[in-house]
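If you want the building blocks of each chain, they are given just below.
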Amino acid sequence: MTAGKFQRALENITRVRGVRGAMLVAGEDGLIVAESLMEGVKGKAVAALAASLANRFRRVAEASATGYLQFLHLQAFEGVILTVPADSGVLVVALAEPKVNVGLVRLEMLRAAEALAG
Amino acid sequence: MTGTRAVEQWTVAPLERFVTEAGARLTLLMTPAGQVLAQHGFARAVDVMSAAALGAAIVSSTGELARMLAERDFTALNHQGVKHGIFLSGFESPRGRLLALVVYGPDSSVGLVSLFFEELVRDLVATCPPPAPKKPVLAADFERELNESLASLFGR
């Protein structure tokens, strides 16, 4: 997949109303692969912490025999963090306002994850 | 594994915070000459000394490579293994240039380590006392100070 395709995948997510930014993060390393973020968002910190969170939840899912982690939705008072792991080991991460249409963002994130695998 | 031990006590609080937040298994703070200021996680003196000497040598070698390439010093070096990663970086402090060697496992990542390393540097620079005035080095003082440093690092 080329850098242009990475950016297109992110653009489809950030086009959803209420999304503040989206990133592709190397799941093992917590480093940014591609990003499209609003000003003021600490991308490096979000990438490292989201990857750490996803790894821990993956272990929780394994330990509780609930299967492969598909979607993480962290709801906070001032926003939401959504994470979808792609087969390639990359995480699709989106940051959005609290009242964002989570279903729509999730759909775009799953499409981005599929595109990354393809 | 052991906790945090330091020759320079002002390094303890920032180092403990870093280790907790970054999920580091082993950490060494040292001078470019390999003199250890603080360590976390090492159980044996010989391991600390070897790691400090090797870490300082790596930074020296990469620094020389940087100079050959007409670059400024490399800021950080990460070596990713199957089970562990090694993060090695230098930074400026009121005590001069210092180095940090961090070993992390699969419960952490280079992203987390480098993120919290920036905080560690800020904390260390903020808490670092001004350098003490230089004294002549006497053989008796040298041995006593060496013993005190080893006792601080390993509680012996």
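In what follows, the structure referred to is the one given above.
Rules used throughout
Residues numbered from 1 in each chain as written. Chains lettered and ligands numbered in written order. Predicted model: local features only at pLDDT ≥ 70, side-chain atom pairs only at ≥ 80, totals over all residues. Helix = DSSP H or I, 4+ residues; strand = E, 2+ residues; numbered from the N terminus. Rg over C-alpha atoms; globule rule 2.2 N^0.38 Å. Buried ≥ 20, exposed ≤ 12 C-beta atoms within 10 Å, placed from the backbone. Contact = placed C-beta atoms within 7 Å. Pairing = 2+ DSSP bridges. Axes fitted to C-alpha atoms, helices over the stretch in contact; angles between N-to-C directions. Nonpolar A, V, L, I, M, F, W, Y, C, P; charged D, E, K, R; others polar.

A. Spotlight on the overall build of chain A. Counting its secondary structure elements, chain A contains three helices and five strands. Put simply, chain A runs from its N terminus to its C terminus through helices and strands in the order α-β-β-α-β-β-β-α. Here the C-alpha atoms of chain A give a radius of gyration of 13 Å, agreeing with the 13 Å that 2.2 N^0.38 yields for 118 residues. Principal axes of the C-alpha set define a box for chain A whose edges measure 35 × 35 × 25 Å. Counting over 118 residues, chain A shows a buried share of 35%. For chain A, restricting intrachain contacts to residue pairs at least 6 apart in sequence, the fraction spanning at least 24 positions comes to 51%.

B. Structural detail: the sheet that holds strand β3 (residues 72-76) of chain A. Residues and elements named next belong to chain A. With antiparallel pairing, the five strands of this open sheet are ordered in space as β2-β1-β5-β4-β3. Of all strands in the sheet, those with a lone pairing partner are β2 (31-37) and β3, marking the two edges. Each strand axis lies, on average, 15 degrees off the axis of its neighbour in the sheet, ignoring direction. Sheet analysis places strand β4 (residues 79-85) next to strand β5 (residues 90-96), joined by six bridges and oriented antiparallel. Its bridge partner lying in β5, P85 is registered against L91. Each of β1 (19-26), β3, β4 and β5 is contacted by helix α3 (residues 102-117), which is oriented at about 30 degrees to β4, the strand it contacts most.

C. Spatial organisation of the interface of chain B and chain A. Contact with chain B, which involves five residues of that partner, is made by ten residues of chain A. For the side of chain B that touches chain A, the residue count by class is three nonpolar, two polar and no charged.

D. Geometry of the pairing of strand β6 (residues 96-104) of chain B. Residue and element names in this part refer to chain B. Of all nine residues that make up β6, seven are buried, and the element is covered over most of its length. Of the strand pairs in this sheet, strand β2 (residues 24-30) and β6 are connected by six bridges, and their pairing is antiparallel. Bridge pairing in β6 links A24 to Y104. Across nine bridges, strand β5 (residues 85-93) lies against β6 in antiparallel orientation. Opposite I86, over in β6, you have V103 as the bridge partner. The turn joining β5 and β6, which pair antiparallel and follow one another in sequence, is formed by two residues.

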